[in-house]
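# Topology and contacts: notes
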Amino acid sequence: MARKVISYQLSVISSPRGARRGFTLVEIVTSVGIVVALMVAVVIILNPTAQFAKGRNAQRKANLNMIIGAIGQNKADNKGTFSCSSGAVPTTTTRMASSSGNYNIGPCIVPTYIPSLPYDPSTSTAKWVSVTDYDTGYTITQSATTSRVTLTAPAAELGETITYTR
């Protein structure tokens, strides 16, 4: 039996001089460099850490505003005097919390004026469980001469001072 040998001839299609397929290493490195530069610019512009800190400061402002509003309503209901079973608002800066050594404002304004006491978003000990178990992370003081109450957020970020006085 005779074998038939079939031979195929492969032809290479040549392209005109200078035409090529794919990318060179220089083009790839340049493209990656541009993408990295754009990503760095976006991170610098957006600065997520500062944006989160601004958000927490906004939350602190809203929280203090809510508490000072409840204190104002309590005063309005009691002919200009803040009525609280914990006694008068201290004239020295004191933390608002249910634990000993702090000013226990919770039972005086919750739930009559606000449903629960808001607390600092980043203070590790700040929490709200009930009027007998909470720590706002905020401080309160009353001026001895004017009887004006001042609330402060000591954990404010970005060098900001957050206080409300009424």
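Residues numbered from 1 in each chain as written. Predicted model: local features only at pLDDT ≥ 70, side-chain atom pairs only at ≥ 80, totals over all residues. Heavy atoms only, no water.

## Remarks on the nonpolar core
Formed by 25 residues in total, the largest nonpolar core has its most connected members in F82, I105, I109, I140 and L151. Looking at this core element by element, the count peaks at five residues for helix α2 (residues 48-77). Not counting the four nearest positions on each side in its chain, L151 is found in contact with L64, I67, I68, I71, M96, T139, I140, I162, T163 and Y164. (Core = buried A, V, L, I, M, F, W, Y, C linked by side-chain atoms within 4.5 Å. Buried < 20%, exposed > 50% of the residue type's maximum accessible area, 1.4 Å probe, protein only. Helix = DSSP H or I, 4+ residues; strand = E, 2+ residues; numbered from the N terminus. Contact = heavy atoms within 4.5 Å.)

## Describing helix α1 (residues 25-46)
Here α1 is 22 residues long and its end C-alpha atoms lie 32 Å apart, about the 32 Å a rise of 1.5 Å per residue gives. Downstream of α1 by one or two residues, N47 has phi in the positive range, about 40°. (Expected span 1.5 Å × (residues − 1).)

## Some details on the pairing of strand β2 (residues 127-130)
As paired elements, β2 and strand β3 (residues 133-142) share three bridges and run antiparallel to each other. Each residue of the ladder has a partner; that of K127, found in β3, is D135. Hairpin connection, β2 to β3: the antiparallel pair is bridged by two residues. (Pairing = 2+ DSSP bridges.)

## Focus on the state of the cysteines
Inspection of the entire model under this criterion finds one disulfide. The disulfide partner of C84 is C108, and the S-S distance across this bridge is 1.7 Å. Of note, the bridge from C84 to C108 carries an S-S torsion of about 45° and is right-handed in sense. Highlighted residues: C84 in the loop between α2 and β1 (94-97) and C108 in helix α3 (residues 106-109), separated in sequence by 24 residues. Each member of the pair, C84 as well as C108, carries the same accessibility label: buried. (Disulfide = S-S within 2.5 Å.)

## Describing the environment of V149
In this fold, V149 is placed in strand β4 (residues 149-152). Distance in space between the C-alpha atoms of V149 and F82 is 9.6 Å, their sequence separation being 67 residues. The contacts of V149, once residues within four sequence positions are left out, are I68, I71, K75, V89, I140, T141, Q142, Y164, T165 and R166.

## Observations regarding the side chain of T136
Note that T136 resides in strand β3. Only 3.0 Å separates the side chain of T136 from the backbone nitrogen of Y138, close enough to count as a polar contact. Among residues more than four places away in sequence, those in contact with T136 are M96, L117, P118, Y119, D120 and A126. (Polar contact = N/O pair within 3.5 Å; in protein donor to acceptor, adjacent residues only side chain to side chain.)

## A short note on the environment of K127
As for its placement among the helices and strands, K127 is situated in strand β2. Distance from K127 to L117, taken between C-alpha atoms, is 8.9 Å for residues ten residues apart in sequence. When sequence neighbours within four positions are dropped, the list of residues in contact with K127 reads Y119, D133, Y134 and D135.

Function cannot be inferred from these measures alone, as they are strictly geometric.
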